[in-house]
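Reading the structure
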Amino acid sequence: IQADFTKAFETVDVLISPTTPTVAFRIGERMSDPMSMYLADLCTIPSNMAGNASASFPCGLSDGLPVGLQVMAPPMADERLYRVGGVLERALESAWGHTLLNELPTIDPQAVTA
């Protein structure tokens, strides 16, 4: 895995992918299904195993739930993540005319169960 990433980073500065293979799930929704919760991390596992620098940035909503964009860079190249994240945030805010936080629903703390 590490060798594959090293080879890819010879020709590109960063790699991008979805952060998760599905849209986000609601708080507490999958508590009784640990396998489903584990599989939600599927897209982040290769970068973690290779020791890359990685970050997830919010890039939209689906049914009111956040969608993440994962950016991966070589080990110790965190500054690339910050630059890409900053450009992404400015581009999305410009396209939407506001921050993503403006679209998030208000959560009733009483409705959240652990």
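First, a word on scope: everything that follows refers to the structure included in this document. (Residues numbered from 1 in each chain as written. Predicted model: local features only at pLDDT ≥ 70, side-chain atom pairs only at ≥ 80, totals over all residues. Heavy atoms only, no water.)

Examining the overall build of the protein
Applied cut-off: Under the DSSP-based scheme used, a helix requires at least four consecutive residues in state H or I and a strand at least two consecutive residues in state E, with every element numbered from the N terminus. Buried means the residue's accessible area, taken with a 1.4 Å probe over protein chains only, is under 20% of the maximum for its type, while exposed means over 50%, and partly exposed covers the values in between. Whether two residues are in contact is decided by their heavy atoms: any pair within 4.5 Å suffices. Positive charge is attributed to Lys and Arg, negative charge to Asp and Glu, and no charge count is given to His or to the chain ends. Charge positions are represented by NZ for Lys, CZ for Arg, CG for Asp and CD for Glu.
Helix and strand content of the protein: four helices and three strands. When the elements of the protein are put in sequence order from the N terminus, they spell out α-β-α-α-β-β-α. Considering only C-alpha atoms, the protein reaches an extent of 50 × 40 × 20 Å along its principal axes. For the protein, buried positions account for 25% of its 114 residues. Considering only residue pairs separated by 6 or more positions, the protein has 56% of its internal contacts joining residues 24 or more positions apart. Of note, the protein has its 6 positive side-chain charges centred 6 Å away from the centre of its 13 negative side-chain charges.

Examining the pairing of strand 3 (residues 65-73)
Put simply, the rule reads: Here, strands pair whenever DSSP counts at least two bridges between them.
With four bridges joining them, strand 1 (residues 15-18) and strand 3 adopt antiparallel strand pairing. Bridged to S17 within strand 3 is Q70. Hairpin connection of strand 2 (residues 53-62) to strand 3: two residues between the antiparallel strands, including D63 at a positive phi of 55°.

Re the sheet that holds strand 1
The line we're drawing: Convention adopted: a line fitted to C-alpha atoms gives each axis, helices being fitted over their contacting stretch, and angles between N-to-C directions are expressed from 0 to 180 degrees.
Strand order in the open sheet formed by three strands is 1-3-2, and the pairing between neighbours is antiparallel. One side of each edge strand has no neighbouring strand; the edge strands of this open sheet are strand 1 and strand 2. Neighbour-to-neighbour, the strand axes of the sheet open up by a mean angle of 25°, direction not taken into account. Where strand 2 lies against strand 3, nine bridges are found, and the strand directions are antiparallel.

Points about the environment of M72
Topologically, M72 is positioned in strand 3. Here the alpha-carbon distance between M72 and A53, two residues 19 residues apart in the chain, equals 5.8 Å. Those residues in contact with M72 that lie beyond four places of it in its chain are F5, F9, D13, V14, L15, I16, S17, S47, A53, S54 and L81.

Observations regarding the nonpolar core
For clarity, the cut-off: Residues belong to a common nonpolar core when they are buried Ala, Val, Leu, Ile, Met, Phe, Trp, Tyr or Cys residues joined through side-chain atoms within 4.5 Å.
The biggest cluster of nonpolar side chains holds nine residues, and these are A53, F57, L69, V71, A73, A77, L81, L88 and L92. Every element with two or more residues in this core is listed here: strand 2, strand 3 and helix 4 (78-96). In this view, F57 contacts V67, G68, L69, V71, L81, G85 and L88; residues no more than four positions away in its chain are not counted.

Regarding the side chain of T44
Along the polypeptide, T44 turns up in the loop between helix 2 (34-39) and helix 3 (45-50). The residues contacting T44, other than those within four sequence positions of it, are T19 and Q70.

Looking at helix 4
As a reminder, the rule being used: For a helix, the expected span equals 1.5 Å multiplied by the number of residues minus one.
Taking 1.5 Å per residue as the helical rise, helix 4 with its 19 residues ought to reach 27 Å, and the 27 Å between its terminal C-alpha atoms agrees with that figure. Looking only at helix 4, the buried set comprises L81, G85, G86, L88 and L92. After helix 4 finishes, the residue G97 shows a positive phi value of roughly 80°.

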